Amino acid sequence: MFKKAASPNALIERRFNVLRTAIAVTLALVIAFILLLSVSKHPLDDMATFLFGPFTSVNRFALMFEKVTPLLFTGVAVCLMYACGQINLAAEGAFFAGAFVCTPIAMQAGIAAGLHPVLCVLAAGCAGAVICGIPAVMHVKLNVMTVVSSLMINYVSLYLGLYLVLNFFRDPRAGYEASYEFAMSARLPSATNMANIHPGLLVGVLAVIFGYVLLYKTVFGYNVRMIGQNKRFAQYSGINVGLTVILVQLLAGFLAGAGGSMEVLGMYNRFKYTGLTNHGWDGVMIAVLARNNPAYVPFAVIFLAYVRTAADVLSRTSEVPTEVVKVIQAAVIIFIAAESLLSAWEHRAIARASKARLREG
Amino acid sequence: MEKRTLVDDTPLGGEALSMQHITKIYSNGFVANNDVTFAVRKGEIHGLVGENGAGKTTLMKALFGQEQTDGGRVLIGGREVKIESPQMALEYGIGMVHQHFMLVQSLTVAESMTLGAEPRRFGALYDFKKAVEMTRAISEKYELPIDPHKRIRDLSVGYKQRVEILKILLRGAKVLLMDEPTAVLTPQETKELFVQLKNLRDRGYTIVFISHKLHEVKEICDRITVLRRGRVIGAAEISEVSEGGIARMMVGRDVYLNIEKSEANPGKPALSVKGVSYRDASGAKALDNVSFDVREGEILGVAGVEGNGQAELSELIAGLLKLQEGDITINGKSIRDMSIGRIRQSGLSLIHEDRMTYGTNAVATVAENIISDRRHKPEYQSRGFLRRKAITEKVTALIDEFRVKCDGPDAETRTLSGGNIQKVVAAREFSSEPKALLAGHPTRGIDVGASELVRNKIVELRDKQRTAVLLISADLSEILSLSDSIIVLYNGRVAARFPDVSAVDETILGEYMLGVKTQEVQSSPEGKDGDANV
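Residues numbered from 1 in each chain as written. Chains lettered and ligands numbered in written order. Predicted model: local features only at pLDDT ≥ 70, side-chain atom pairs only at ≥ 80, totals over all residues. Heavy atoms only, no water.

## So, the overall build of chain B
Threshold: Starting at the N terminus, helices and strands are each numbered in turn, a helix being any DSSP run of H or I of at least four residues and a strand any DSSP run of E of at least two. Buried means the residue's accessible area, taken with a 1.4 Å probe over protein chains only, is under 20% of the maximum for its type, while exposed means over 50%, and partly exposed covers the values in between. In what follows, a contact means two residues having at least one pair of non-hydrogen atoms within 4.5 Å. Accessible areas in this description were obtained via Shrake-Rupley with a 1.4 Å probe; residue shielding takes into account the shown protein chains only. When charges are counted, Lys and Arg are positive and Asp and Glu negative, with His and the chain ends excluded. Charge coordinates come from a single atom per side chain, which is NZ of Lys, CZ of Arg, CG of Asp or CD of Glu.
A tally of regular secondary structure across chain B gives 17 helices and 24 strands. By the burial criterion, 57% of the 534 residues in chain B qualify as buried. Of the contacts formed within chain B by residues at least 6 apart in sequence, a portion of 68% connects residues at least 24 apart. Total accessible area on chain B is roughly 22,000 Å²; 48% of this is exposed by carbon and sulfur atoms. Here chain B holds 72 positive side-chain charges and 74 negative ones, and the gap between their average locations is 4 Å.

Rendered as structure tokens:
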């Protein structure tokens, strides 16, 4: 019924997308190798370590998954906000808010083991929603730039959290700045003793599925995407832009906050953060790599966790300085995220095809 | 201060610059300029004329180095040059004043004038005094007085434009590209601008004047080049062409309209506009006490040269602009306090004139574009989940019915041609059983086949659904062949009403469109049938 080859431009674009990724990976690896050549006595061995490090032991492989859990939450959260065209950077603050708000609840003894973490996570989610929601409401009602307000709210979250924890929940016997211990009933047990693989990973996977279904299978998600892709089209079609924009950011904040609580309940026995954790920033990077689609978040997260673990292994087993390892890590990520690579070439190909069609009439 | 450019080497009346065989294709495959050849003589005001979307601005942006072309060459003073940036264009003596000014509101006039070429002290510090001096000198030289200390935000639109003109003169421009300079001006400001432009021409400057306002072109230009759909239709001395002649070149009469249409059988009013006035952000009156009814089963055509209030009228009806004075009702209900979603639910369908920004979401699929107004209806969703199978089925049927050439419901809309994108818009807007349809330039910039389909579907809606259609178009042959009755907008007012379309022709409409004639119209909403005197 349809002519399958009706849009040659789409074919050209598809071809360039594949080419782009292939070239990006190759370039990233070449640059990594050149950097290693300049600092390492055994560049080939070190390159192999960097490429396959996480697979060299079960322990290392498990450590990689420890890094995955929190990033699933922040990655999906940022995807949701970016899909709606909202450059909200408060996932960082929301994650942190989730961590400190669940602390006093987690310290309470005598709550049933099954219920306790659920209460913590719900409270943390609400705190995260508030943190991401404030810039959203300010943007819709007062036209405040979300980029600026969300950046600033991260500091509100950080210092409010530190103030509350250190002044009201601090355990003087801990020997360092930290809260009282969490009740055992609140903590998320690890499935293995090699690394902290806790139920949060499972919930994270559910968050990915939830994010994908919400964004691509529901009317709400449709509204979100239309607003993100073309706000004026959304308006003209009768979508309630303001309400949708606020709701999606509340939801994203909830996910990031919930992730924050699961991270502390799974990884630690007390609240011991002294600064922002970078999980929100990583979420931004993941959303960019995943092109705002939650379905791709696991791949982006595993890629990131893999590169980080590989870098850890490399810096522990070789003489390559940590700084160089970090540079290699950053270079690889930059190339994968590069979007306009080859765009001039692509444009020429499209122009040539269009001209050929003009000649044909 | 004065530097010589290639333009200076050209004798007065010689070819100052020419663009040859220019082709510009955007990354979505849209051909904005197709083998355009365009030449300007030194010391003339050259009108670059055409409808919106004809490719005028793109061509000038290419000349100013803001767009890179995909073929063709540019000659200045007979020598081939490659202009890759506005900076380079200015070095060749070409300056551009954009339709939307490129000014920083918080800077002073002197700072704005020297932005990008700041006078410096000790090589590093900004020399404000010198900037003020330079501003004074240039404004005196060209007799365009301006206060160098005033902030841009405190200037009227006319003075902001003056800053832009002086700025490029200061940078040594000998050729001024003016992109629809009068679009934002009041009639008095326009008059003043024309005096200034003629003054500059008499000093040997060359001006390219982009416009679609025929009387202005006729008044100020020495020669014109007409563009249509990215191609050059022709160039002429202004004395050789009439306004009507230019209009014919702009909109084209070569399209044979094949519309089968029976006599209308109008019922009660479905869409009413009552005493609507609207002032735009700059305070200019875009609409002045406009009233009319569109009845069930009737197509009311709104004729007029673009920029006479049509855009504001359609955005007010759509709910994209807030009503200021007067009221608009759909089936008797006022839309004053309705959201756009509510307006659509009360039975209004809209074809927005800007189909790439409002009409469609280019990066979404055809299916996603078609369900945008009906996503919440039970046929398309249950409990908040999209019913994918039902959507695919319904969209596939619409693709067939409207003969949209695409890879199927999941094809990305931007990969379609302009005509097919408009068919997607039509498929959505015509299939929602509308009580009233607002069709803004429904066939602009699309091919003959698509135009014919859209026009026939409009007539079908009128007959089968008894939809009240408000047709806004700059294409007179479209207005005359589709409408049952016609109103003419001129300067934001209803200049004429023709209840019977058979009593008018292009000449009569043209006179009202260009403001040569006006009917004395009492703007009461009921007065519509009584006061037409054809």
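## Examining the interface of chain B and chain A
Rules: The buried area of a pairing is the accessible area, by a 1.4 Å probe, that goes missing from both parts when the two are put together, added over both. What makes a salt bridge here is a side-chain nitrogen of Lys or Arg within 4 Å of a carboxyl oxygen of Asp or Glu, nothing more.
Contact with chain B, which involves 48 residues of that partner, is made by 34 residues of chain A. Overall, the association of chain B and chain A removes approximately 3,400 Å² of surface from exposure, summing both partners, and the carbon and sulfur fraction of that is 57%. Together, Y358, R375 and D407 of chain B form the three largest contributors to the area buried by chain B at its contact with chain A, with a combined 19%. Remark: the boundary between chain B and chain A carries one salt bridge. Between R225 of chain A and E368 of chain B there is a salt bridge; the shortest N-O distance is 2.5 Å.

## Side note on the packing of aromatic side chains
All names here are of chain A. The condition that has to hold: Stacked, tilted and edge-to-face are the three classes applied to pairs of Phe, Tyr and Trp rings, where Trp contributes its six-membered ring and a pair requires centres within 6.5 Å; stacked means planes under 30 degrees apart, edge-to-face means over 60, and tilted covers the rest.
Going through the model one piece at a time under the given rule, you end up with 15 aromatic pairs over all chains. Aromatic side chains F55 and Y306 sit 5.6 Å apart centroid to centroid with 50° between the ring planes, which places their arrangement in the tilted category. In this pair, F55 sits in the loop between α2 (43-52) and α3 (58-83) while Y306 sits in helix α12 (residues 297-317), placing the two residues 251 residues apart along the sequence. A residue is classified by how much of its surface remains accessible, and Y306, at 18% relative accessible area, is buried. Ring geometry for F168 against F169: centres 6.4 Å apart, planes inclined by 55°, an arrangement best described as tilted. A network of ring pairs unites the aromatic residues F96, F100, Y268, F271 and Y273 as a single cluster.

## Here we look at the environment of L197 of chain B
All names here are of chain B. Note that L197 resides in helix α6 (residues 187-202). Since its relative accessible area comes to 0%, L197 is described here as buried. The spacing of L197 and F209 is 12 residues in sequence and 9.6 Å in space, taken between C-alpha atoms. Ignoring anything within four residues of it in the chain, the contact list for L197 reads I45, M178, I207, F209 and I220.

## Details of the packing of helix α5 (residues 115-142) of chain A against helix α6 (residues 146-168) of chain A
Residues and elements named next belong to chain A. The test is simple: What counts as an axis is a line fitted to C-alpha atoms, over the stretch in contact for a helix, and the angles between N-to-C directions run from 0 to 180 degrees. If an angle is under 35 degrees, it is roughly parallel; if it is over 145, roughly antiparallel; if it lies from 65 to 115, roughly perpendicular; otherwise it is oblique. Put simply, a crossing is left-handed when the front helix is turned counterclockwise from the back one by less than a right angle, and right-handed when it is turned clockwise. Here the nonpolar group is Ala, Val, Leu, Ile, Met, Phe, Trp, Tyr, Cys and Pro; Asp, Glu, Lys and Arg are the charged ones; every other residue, Gly included, is treated as polar.
Where α5 meets α6, the axes come as close as 9 Å, and the angle between the chain directions of the two elements is 150°. As the angle between them shows, α5 and α6 are arranged roughly antiparallel. Note that α5 runs across α6; the crossing there is right-handed. Two secondary-structure elements touch here, α5 through I131, I134, P135, M138 and H139 and α6 through T146, S149, S150, I153 and S157. In terms of residue class, the contact of α5 with α6 is built from five nonpolar, five polar and no charged.

## Examining the packing of α3 of chain A against α12 of chain A
All names here are of chain A. As a packed pair, α3 and α12 sit with axes 8 Å apart at the nearest point and diverge in direction by 140°. In terms of orientation, α3 and α12 fall into the oblique class. For the crossing formed where α3 meets α12, the hand is right-handed. For the pair formed by α3 and α12, the contact residues are R60, M64, K67, V68, L71, L72, G75, V76 and C79 on the first element and V297, P298, V301, I302, L304, A305, Y306, R308, T309, D312, V313 and T317 on the second. Across the contact of α3 with α12, the residue classes break down as 14 nonpolar, three polar and four charged.

## Considering the sheet that holds strand β12 (residues 231-237) of chain B
Residues and elements named next belong to chain B. Convention followed: Any two strands with at least two DSSP-identified bridges between them are counted as paired.
Spatial strand order, β6-β9-β10-β3-β11-β12: six strands in an open sheet with mixed pairing. Among the strands making up the open sheet, the edge pair consists of β6 (94-97) and β12. For this sheet, the mean inter-axis angle between neighbouring strands, taken without regard to orientation, is 20°. Pairing geometry for strand β3 (residues 45-49) and strand β10 (residues 206-211), over five bridges, is parallel. Bridge assignment links H46 to a residue of β10, and that residue is V208. Sheet contacts for helix α5 (residues 157-170): β6 and β9 (175-179); angle to β6, the most-contacted strand, approximately 170°. Of the strands in this sheet, β3, β9 and β10 are in contact with α6, which crosses β10 at around 145°.

## Some remarks on the sheet that holds strand β1 (residues 15-25) of chain B
Residue and element names in this part refer to chain B. Sheet architecture is open: four strands sit in the order β2-β1-β4-β5, paired in antiparallel fashion. Taken across any chain shown, the strands that pair with only one partner, and hence form the sheet edges, are β2 (31-41) and β5 (79-81). Strand-to-strand, the axes of this sheet are offset by a mean angle of 20°, without reference to chain direction. In terms of strand pairing, β1 meets strand β4 (residues 73-76) through four bridges, oriented antiparallel. Looking at the pairing, M19 lines up with V74 of β4. In the packing of helix α1 (residues 56-63) onto the sheet, contacts are made with β1, β2 and β4, and the angle to β1 comes to roughly 115°.

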